[in-house]
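Each chain, written out:
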Amino acid sequence: MTWSMLLIKNLKSNNKDKISVAFSNNISPLKKYFLFILFFITLSFAYSQTIKGVIEDISGSPLTAKLLIKKSSNPNIISEYYIVINGAYSLTLKKEYTQDIIIEAVATGYSSEIIILTPKDLNDSIELNFTLIKAKITNLDEVLVVGKKAPFNVKKDTVAFNINSYRDGTERKIEDVLKKLPGIEINERTGLIKYKGKSIETVMLEGDDLFGYNYTLGTKNINADMVKEVEAIENYSENSLLKGIEHSEKVALNLKLKDNKTDLSGNVDFAIGELANDEKIPFDMSLNLLGINKLYKSFATISYNNVGESYSQLNYSNSELNFEALKELKLYAEKIIPETGILKIANQSLSNLNQQLFSNYNSIFNLGKKTNAKVNLYYLNDKIDSNQYFQNYFTINNEEFNTFDNTQIIKKPHYYRGDILLKHNISKSSLLEYSINLRDEDIKTDKDIISNQNSDFNSKLHTKDHFIKQRLLYTKKISDNKALQINAMYTTNMIKQNFILSPSLFNADSAYYDSQSIVSEKNYFDLKSEFLASRKNDKFNFVFGILSSNEPFESALFSENETVNSPLETKNEFKYNQYSIYNSGSYHWNIGQLRISPSYKFRFLSLKLNGIDQTSKSNRNFVVEPSLNLNYKLNTVSILNATINFNNNSNTLKYLFTNPILLNNRTIIKNSSNLTLLKNTRFDLSYSMNNLFNQTQLYLGFDYTKEEGGLFSDYTISSNAAAINYLFLPENTESFNFNFEYAKFIMPIETNLKISSYYSIYNYKNIVNDSKLRYNKTNNTIHTLLLKTAFDKKINFENEFIYNHSKTSSTDIYKITSIQNNFKIILKPIQDYYATFSFDYYVPDLDHASQNYSFVNSKINYKPKDKNWEIGISGINLANEKSFGIVQNNDFSTSISKINLLNRYVLLNLYYRF
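Since this is a predicted model, take the numbers as computed values, not measurements.

Colleague: I tried to follow the overall build of the protein on my own but got confused; where do I start?
Modeller: Across its full length, the protein holds five helices and 47 strands. Overall, the protein is about 125 × 80 × 60 Å in size when its C-alpha atoms are taken along their principal axes. A burial count over the protein gives 46% of its 914 residues as buried. Within the protein, contacts between residues at least 6 apart in sequence are counted, and of these 63% link residues at least 24 apart.

Put into structure tokens, the structure is as follows:
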């Protein structure tokens, strides 16, 4: 009798009375049906096959081993797998077998043993004992096996990229490597890094956040040869106590250094050369030091160059904000007079005629077992020379005219900064953090302007910017799934701007001048407490807080006129206060592959505007701002995401002063101040797929934004000046954006293919020269095609083609189409040598294709194997283009902008690592 029959008999004999009683005591039919089903389920389990026994060596000692179950028809495939600890085992087969099976016992250091069972054998309870014999050890000659390391490794939320799999030998800094990693994109202007479309929070060094939001300091300066691996970490939590509790969609990168990069290491890069048609000697030098041991971790850099490079996180050549500025924008006072920007050529630094000295020190060190400190110090001094030409063609109310300005610019930024962060672990479950940031910026900009106006102008702008930020953060981990944070932050920012224009815009006589002074200040205080919790797979949080913002503002425009005793003088002096009490919360439900994330924010908002020459205004609102996010994981590599949110924004200070402010030799601005809130609705829908194993990426995205009531421009434009009045109107503004990106590594031809398309529609309104309200529409289209080979040969190619078309429709239609093609060859003719050749071609306006630009660069380097030095020679702008121009349009004009470039130059490059 088999063991299953015995079990059935035992069940019947032991439970006969109980079962008969259960069915005889007036039990409902539903309960009887349930017990009947339960009984037969029990019988089905009763027939499961059990195998037991021991695995031991010839001396009888028990072994830890593996039991492998295989079908005799396919002995290379493991059907079932079991771990046996300390010899004895008892297991139940998970499958039913109708053919012979092979049971193999395997233990490290022993020869395996095999037993074959027939289906008939499986009808009975089986006892199988294995006695394993130690394997004979045979000494073999040494064999060197060389294998190619996998390019990446995936572990939960982290992808670790082996950077040697993506390098071609031409990379100098780690930023050059990051550009080649799948899923990573870098903004050429700001250095902002995105991974799978999300902006990364920071770039860590061996797990420590050394740089914070200013991670470009690391990516632009750390030598690529120091790093062996880059980890992309999703769902990143900067506070370790909140790991697994907070809902985080943040992304961070972690640089893992080569094993020998400890204690002190670094590199010196030195380049000197000759510049065509110029006495200035091109020069580029940088020194980087990396120190790591158990007590501290530090990175320091100092650099000087006059070839357009920028090794800092700051960008004085244009007005684009870096990642830190975007994060802290609400804390800053506003620069009413904008700083002069420099036209930039994509992938080129030729337009940035600089003389930049930059130094930076970053360090994390322990002050004890529970306390550590992070220190970041910065210094920058630069001089940017630029000659820019602007020409505008206007068509307004059937009137046509044009303007031009030829401007010689000298811009001198000076920047100091110091940051300190202290962390003290009060206990294993509580953390106290205090940080202080101090910044001092001084920028002087001089301009000599030749224009179509009655006179030539000279202007001087001096901007001083002082910023202090203090933050105290307490984190308490209440339990494994609950935490509390209390956060207090206070900032103060003062900006002083003094602008002198000679001669006066209001009087062409050279004896007169205009003087514009502005003092803008912002004091910001935010105190909030946040409760965070997780329950199974769900996470939620609640926030309560108070916020206060105080912004005093003063401006004075003084201009002498023909009657000296009666000068033109206008002033603005007021205080803008914002106060709110708020509560917000979010919940993240995970239902299978679907995540539902509703959130809300309640605010009692009080706005006040009080000024000497302004009518006092106030506005109080109770604001409700809901949002909903749906995230559906179609499979392990594909996600469908939809978001809708509603918010209300208050006007910023630069739209509240009512008396004129002079910006430059042509422009005056003022406002019709209004405290009405701007209501915004935004909807996003996207599909993303990132298959690293198949080396395929796809992104489809659409977003729609609608602003109900907003600020509109009322222009008064002539051939000599432009006056702009910003006013609030109960009109709508809409924008639509479509994105498509596809990237694939095509194995048969060993080529990376990337296609991207962007299309936008922007509907807006304005008033020009006393017209009625004008309805305008702008369409913009950008297509990009990138092909990049990855041959294991001596030559590789890269080609990127960009098509850009813009169309603005109003009373007239303005169209501009431009193209750009970037071609690059990478050569490795013989061992230890590599060379690159690039040719970039631009046509700013296809309707005037004769106006085009060609840029040729080349480089050849000698890098001996197993040596810590490298030498090379590079030629920049070999076609010796003198200037570069772009064409842009809006709803009433077409503008042509040109900028002078660095002349052709050749550099001798020396690199040394230690």
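Colleague: What am I meant to see in the side chain of Asp703 here?
Modeller: With respect to the helices and strands, the residue Asp703 is situated in strand E36 (residues 696-717). Polar contacts involving the side chain of Asp703 include one to the side chain of Asn737, which spans 3.0 Å. With sequence-adjacent residues up to four places away left out, Asp703 is seen in contact with Arg682, Phe683, Asp684, Ser735, Phe736 and Asn737.

Colleague: Sorry, what's going on with a positive patch on the surface here?
Modeller: Judged by side-chain charge, Lys412, Lys444, Lys464 and Lys496 come together as a positively charged surface patch. Looking at where Lys444 falls in the secondary structure, it is placed in strand E23 (residues 430-451). Of the residues examined, Lys444 reaches a relative accessible area of 45% and is grouped as partly exposed.

Colleague: What is the right way to read the pairing of strand E37 (residues 722-746) from this model?
Modeller: Consecutive residues of a regular strand have side chains that alternate between opposite faces of the sheet. Where strand E34 (residues 667-672) and E37 come together, six bridges link them in parallel fashion. Note that in E37 the partner of Ile669 across the bridge is Ile724. By the bridge criterion, 21 bridges tie E36 to E37 in an arrangement that is antiparallel. Residue pairing for E37: Tyr704 is matched across the bridge by Phe736. In this antiparallel pair of consecutive strands, E36 and E37, the connection spans four residues. Linking E37 to strand E38 (residues 751-768), which pair antiparallel, is a turn of four residues; within it Glu750 sits at a positive phi near 50 degrees.

Colleague: Explain the confidence of the model for the protein to me, please; I cannot follow it from the model alone.
Modeller: Detailed reading of the predicted coordinates is not advisable wherever pLDDT falls low. Looking at the protein, the pLDDT average stands at 87 and 90% of residues meet or exceed 70. Contacts from residues 1-27, a stretch scored under 50 in pLDDT, to residues over four places away or in other chains number 25 contacts.

Colleague: Quick question: what am I supposed to make of the sheet that holds strand E3 (residues 78-84) here?
Modeller: Strand pairing in a sheet is mediated by backbone hydrogen bonds. Such pairs are either parallel or antiparallel. In spatial order, the strands read E3-E2-E5-E6; together these four strands make up an open sheet with antiparallel pairing. The sheet terminates laterally at E3 and strand E6 (113-117), the two strands that pair on one side only. Across this sheet, the average inter-strand angle for adjacent strands is 20 degrees, counted without regard to direction. By the bridge criterion, six bridges tie strand E2 (residues 65-71) to E3 in an arrangement that is antiparallel. Among the inter-strand pairings, Leu67 is bridged to a residue of E3, identified as Tyr82.

Colleague: Help me understand the nonpolar core, please; the structure alone is not making it clear to me.
Modeller: If you look at soluble globular proteins, the nonpolar side chains tend to sit buried side by side. Grouped together as the largest cluster of nonpolar side chains are 63 residues, with contacts concentrated most on Phe161, Ile174, Leu178 and Ile193. Among the elements that make up this core, the one with the highest residue count is strand E15 (residues 251-257) (four residues). Leaving out residues up to four positions away in the same chain, Leu178 has contacts with Ile184, Ile186, Ile193, Thr219, Val230 and Leu253. Counting residues in each nonpolar core, the second largest holds 37 residues, with Leu501, Ile669, Tyr715 and Val768 among its members.

Colleague: Just checking my understanding: could you explain the packing of aromatic side chains for this structure?
Modeller: To describe a pair of aromatic rings, you give the distance between the ring centres and the angle between the ring planes. Applying the stated criterion across every chain yields a total of 33 aromatic pairs. Between the aromatic rings of Phe283 and Tyr304, the centroid separation amounts to 6.0 Å while the plane-to-plane angle is 45 degrees, which identifies the pairing as tilted. Taken together, the residues Phe283 in strand E17 (residues 283-292) and Tyr304 in strand E18 (residues 296-305) connect sequence positions 21 residues apart. For Arg172, the ring lying beneath its charged end belongs to Tyr911, and the centroid distance is 3.6 Å. Positioned above the aromatic ring of Tyr582, the side-chain terminus of Lys601 is 5.1 Å from the ring centre.

Colleague: Quick question: what am I supposed to make of the sheet that holds strand E13 (residues 198-205) here?
Modeller: With mixed pairing, seven strands are arranged side by side in an open sheet as E9-E10-E14-E15-E13-E12-E11. Since the sheet does not close on itself, it has two edges, and those belong to strand E9 (152-155) and strand E11 (184-186), each with one partner. Each strand of the sheet is rotated relative to its neighbour by a mean of 30 degrees, with strand direction disregarded. The pairing of E9 with strand E10 (residues 158-162) spans four bridges and is antiparallel. By the bridge assignment, Asn153 is partnered in E10 with Ala160.

Colleague: Got a minute to help me understand the environment of Leu132 in this structure?
Modeller: On the secondary structure map, Leu132 appears in strand E8 (residues 130-132). Taking the C-alpha atoms as reference points, Leu132 and Thr475, 343 residues apart in sequence, are found 56 Å from one another. Ignoring any residue separated from it by four or fewer positions in sequence, one finds Leu132 in contact with Ile55, Glu56, Asp57, Ile58, Leu63, Ala105, Ala107, Tyr110, Ser111, Ser112 and Glu113.

Colleague: Looking at this structure, how should I read the environment of Asn752?
Modeller: In this fold, Asn752 is placed in strand E38. On the basis of relative accessible area, Asn752 is assigned to the partly exposed category, the value being 32%. In sequence terms Asn752 and Ile717 are 35 residues apart; their C-alpha atoms lie 50 Å from each other. Ignoring any residue separated from it by four or fewer positions in sequence, one finds Asn752 in contact with Lys744, Phe745, Leu786, Leu787, Lys788 and Ala790.

Colleague: For this particular structure, what's the right way to read the environment of Asn590?
Modeller: Within the secondary structure, Asn590 sits in strand E28 (residues 568-591). Spatially, the C-alpha atoms of Asn590 and Leu484 are 22 Å apart, while their sequence positions differ by 106 residues. Not counting residues within four places of it along the chain, the set of residues in contact with Asn590 comprises Asn537, Asp538 and Arg595.

Colleague: What should I look at first to understand the pattern of salt bridges in this one?
Modeller: Side-chain pairs of opposite charge can arise whenever the charged atoms involved come near each other. One pass over the structure, following the stated rule, counts 28 salt bridges. Between Arg167 and Asp225 there is a salt bridge; the shortest N-O distance is 3.0 Å. With Arg167 in the loop between E10 and helix H3 (174-178) and Asp225 in the loop between helix H4 (216-221) and strand E14 (227-234), this residue pair connects regions lying 58 residues apart in the sequence. For Asp225, a relative accessible area of 11% translates into the label buried. Here Glu185 ties to Lys754 by a salt bridge, and the two come within 3.2 Å at their closest N and O atoms.

Parameters at a glance
- Residues numbered from 1 in each chain as written.
- Predicted model: local features only at pLDDT ≥ 70, side-chain atom pairs only at ≥ 80, totals over all residues.
- Heavy atoms only, no water.
- Helix = DSSP H or I, 4+ residues; strand = E, 2+ residues; numbered from the N terminus.
- Buried < 20%, exposed > 50% of the residue type's maximum accessible area, 1.4 Å probe, protein only.
- Contact = heavy atoms within 4.5 Å.
- Polar contact = N/O pair within 3.5 Å; in protein donor to acceptor, adjacent residues only side chain to side chain.
- Patch = residues over 30% accessible without salt bridge, like charges linked within 9 Å, V, L, I, M, F, W, Y side chains within 5 Å.
- Areas by Shrake-Rupley, 256 points an atom, 1.4 Å probe, with all protein chains shown as cover.
- Salt bridge = Lys/Arg side-chain N within 4 Å of Asp/Glu carboxyl O.
- Lys, Arg positive; Asp, Glu negative; His and termini not counted.
- Charge placed at Lys NZ, Arg CZ, Asp CG, Glu CD.
- Pairing = 2+ DSSP bridges.
- pLDDT = per-residue confidence, 0-100.
- Axes fitted to C-alpha atoms, helices over the stretch in contact; angles between N-to-C directions.
- Core = buried A, V, L, I, M, F, W, Y, C linked by side-chain atoms within 4.5 Å.
- Phe/Tyr/Trp six-rings, centres within 6.5 Å; stacked < 30°, edge-to-face > 60°.
- Lys NZ or Arg CZ within 6 Å of the ring centre and 35° of its normal.

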